[in-house]
Every structure is written in C-alpha cells, then in structure tokens.
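Observations on the three-dimensional arrangement
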Amino acid sequence: MTSDAEPVIDANLAVALDALLTEQSVTRAAARLHTSPAAMSRTLARLRRILQDPLLVRAGQRMVPTPRAQQLREETAAVVRRLGALLAPGAGVDPAVLRGTFTLQAADLVGAALAPGMLRLAGDEAPGISLRFRAEELEAGPALRDGRIDLEVGSIDHVDPETRVEPLATLRMAAAVRPGHPLTEGTLTPERLAAAEHVVVSRRGRFTGPLDTALAERGLRRRVAVVLPGHLAAMTLAARSDIVCLVPTAPGGGAPAPLSDTATALGLRLLDIPLPLPPLTLGMAWHPRHAADGGHRWLRGAVRRTLRTP
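Cut-offs and rules
- Per chain, residue numbering runs from 1 following the sequence as it is written.
- With the structure being a predicted model, the display of local features is reserved for residues of pLDDT at least 70 and the display and counting of side-chain atom pairs for 80 or more, all residues being used for whole-chain, interface and lining totals.
- With hydrogens and water stripped out, all remaining heavy atoms of the structure feed into the side-chain values.
- The helix count covers DSSP runs of H or I at least four residues long, the strand count covers runs of E at least two residues long, and both are numbered beginning at the N terminus.
- Per-residue accessibility, obtained with a 1.4 Å probe over protein chains only, is compared with the maximum for each type, and a residue is labelled buried under 20%, exposed over 50%, and partly exposed between these values.
- The length a helix should cover is 1.5 Å for every residue beyond the first.
- Should any heavy atoms of two residues lie within 4.5 Å, those residues are considered in contact.
- To get an axis, a line is fitted to the C-alpha atoms, and for a helix only the part in contact is used. The angle between two axes follows their N-to-C directions and goes from 0 to 180 degrees.
- Every angle not falling under 35 degrees, over 145, or within 65 to 115 is termed oblique; those three ranges are roughly parallel, roughly antiparallel and roughly perpendicular.
- Residues are grouped as follows: Ala, Val, Leu, Ile, Met, Phe, Trp, Tyr, Cys and Pro are nonpolar; Asp, Glu, Lys and Arg are charged; all remaining types, including Gly, are polar.
- Note on bend: at a given residue it equals the angle between the axes fitted to the 7 residues ending there and to the 7 starting there.

1. Points about unusual backbone geometry
Positioned with a positive phi, Gln 52 is a non-glycine residue whose angle comes to about 55°. Locating Gln 52 in the fold gives a position in the loop between α3 (37-51) and β1 (56-59). Classification of Gln 52 as exposed rests on a relative accessible area of 73%. Positive phi, close to 65°, is recorded for Leu 55, a residue that is not glycine. You can see Leu 55 is positioned in the loop between α3 and β1.

2. Some details on helix α11 (residues 294-307)
If you check α11, its first and last C-alpha atoms are 20 Å apart, about what 14 residues at 1.5 Å a residue would give, namely 20 Å. α11 sits mainly inside the fold: 11 of its 14 residues count as buried. What α11 keeps buried is the set Gly 294, Gly 295, His 296, Trp 298, Leu 299, Arg 300, Gly 301, Ala 302, Val 303, Thr 306 and Leu 307. Where α11 is buried, its residues touch β3 (100-106), α5 (108-125), β4 (129-134), β5 (151-154), β6 (164-177) and β11 (280-286).

3. Let's talk about the packing of helix α1 (residues 11-23) against α3
Relative orientation of the contacting elements α1 and α3 amounts to 105°, with a least axis distance of 10 Å. On the basis of their axis angle, the class for α1 and α3 is roughly perpendicular. Note on element contacts: α3 touches α1 through Met 40, Thr 43, Leu 44, Arg 46, Leu 47, Ile 50 and Leu 51, opposite Leu 13, Ala 16, Leu 17 and Leu 20. Looking at the contact of α1 with α3 residue by residue, the class counts come to nine nonpolar, one polar and one charged.

4. Regarding α5
Structural remark: α-helix, 3.6 residues per turn; residues separated by three or four positions point the same way. Counted at 1.5 Å a residue, the expected span for α5 with its 18 residues is 26 Å, and the 25 Å between its end C-alpha atoms agrees. Bending of α5 peaks at approximately 30° at the position of Ala 115, with proline Pro 116 no more than four residues after it. When we look at burial in α5, the residues that qualify are Leu 109, Val 110, Gly 111, Ala 113, Leu 114, Gly 117, Met 118, Leu 121 and Ala 122.

5. What about the packing of α5 against helix α9 (residues 231-239)?
Running from N to C, α5 and α9 cross one another at 90°; their axes reach a closest spacing of 7 Å. Our classification of the angle between α5 and α9 gives roughly perpendicular. From α5, Asp 108, Leu 109 and Ala 112 reach across to α9, where they touch His 231, Leu 232, Ala 233 and Met 235. Of the residues that constitute the contact of α5 with α9, the class distribution is five nonpolar, one polar and one charged.

Have a look at this one:
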C-alpha cells in the first residue's frame, strides 16, 4: 500500500549535513552545532540511509568525503545560507528603495497638517512612494484589518482588540475667530462665548459636543448656526464671518500644533476657552500584521515626526 502524503522535510538534517561535510569530523561537527558526538553519529547514520551513500569514510585517523559528499558540499552550504536568511529577523528597510502607495485615513484638518510634512519627508527619504489620503468614510477597524487603509490618524475611538494604537499628541480646543471679531475685545467669558454664533464640525451631523456639556453645567446654551462635515470649511467660514469655530491646538505654553497651521494661514485668532474641556488625544492606529514591516515602520515614523509636538 502506497501513501500520497508529502514527505516531511527536516531542515535540521541540511544543517547537520553542512556541518559534517565542512568539518569532516563527527566530533567537530557536534561541537559546531552544540550537540553530543553520539547524537551527531546517529544523525550521520540517518543521512547515510536517506542519501544511500556513506558520505564520510575512515582514512587512517581521519574521515574523508565520498564523491557524492563532495558533489553535495557547495549545494548544502548554499541551502543552509538561504535557510538562515529566511529565518532571520527582518532587516531594516532602506526607504530609498520603497515603491508603492500608502493609504491613510484622516479628517481633513489632520490630512492638511500631515500632507506637507509627509511629502517633504517622502521626497528626501522615500521618493518612490505615493500617499493617498481618505476621508473618515470607512469603519477603521475592518478597513485596517482587510488592508483598505494602512494607517488611521486622528482621534482614535474604536477599540478593536487587535488594533495597535500609538498616542501622538495631546491637544486642547481653542475658539477661532476672524481678526476684529467682537470676542477679541475684552475678557472672553462663558456667557460671551455662548452668546456668539457657532459652527460645529461633525461628519455625522451632530449639533452638540463637549463645549455644550461644559456650558450646560453653567446654565448656558450656545446657538449653533450651521453644522459642517470638515474643519477646513468651518475655518474658512469663520474667517469670512462672525461665526466661532473650535480648532485643536497645543496646550497652553506648548509649541504650536501642526493642526492649527491652517487656522493661522487663514488669519484666524485663537482664543482660550474659559471652560474646562476634555483634552483631545491625537493618535495613529494600524493592524498588527504591519508591525514589523520596514516600509510601514517608515510610514509611522514619518507621521510621528510630522505631527508630534515637542
């Protein structure tokens, strides 16, 4: 009766054969592989049965290879080298040789803060890659899992057990208004802030947020004139009207946050909100299958260098 099962390949036999053919001594081969001479003798016997050749034979006080062993020596050494390379830890990748496209999912404000710095880094270090930014249109956990996006950057609100998350910066919300806005004169109080007209940024169309909770605790309620899905449109509106827009910025006394660069470019004034609001944590998330990939490590490092505040 014959069996159709695939033969079991024991890579250890190739390593042992390489040691035996190189050392031409059971004792030295055993020392090289940190095993006993008795165990190496048993391995040599097994190799002789498999290859149907004595491989090493006595010639006085030493052992000499058979013609078949001499034919196998270089090929065996090459196989062992390839095995070593295959099973070695992944080496660091040279960004200059990277090719392909990385897809990042981020809100418009995060994308606007990321794109210029990421493009500069890519041009200097990884000119063969392209970057694709997607709006927050996909459910990030499944999209990371099935490879539709490589990295999510922003306020990470999903807690899939396998998702890797790294915090990048802790930010606070400031009130952004045009130069000459009434709120820029005098002390900004909760009452004056509530009395102004506001734009709310919500991709789900919500009218309320943490600021409304803080105002409600003081018996105040603001008027939300409009809800927009992105910060860039909201800041543009604030720059052209008396609408107040909330913008994430660095904590008081900290270095400027990249996310407030667009507000600064639009000429908006950033005012401290006189209410205790929860901080905003900016982070990045990825699937663990990319954790050891050299190209993805470069991508995460580029995001880190671009967005982290000192």
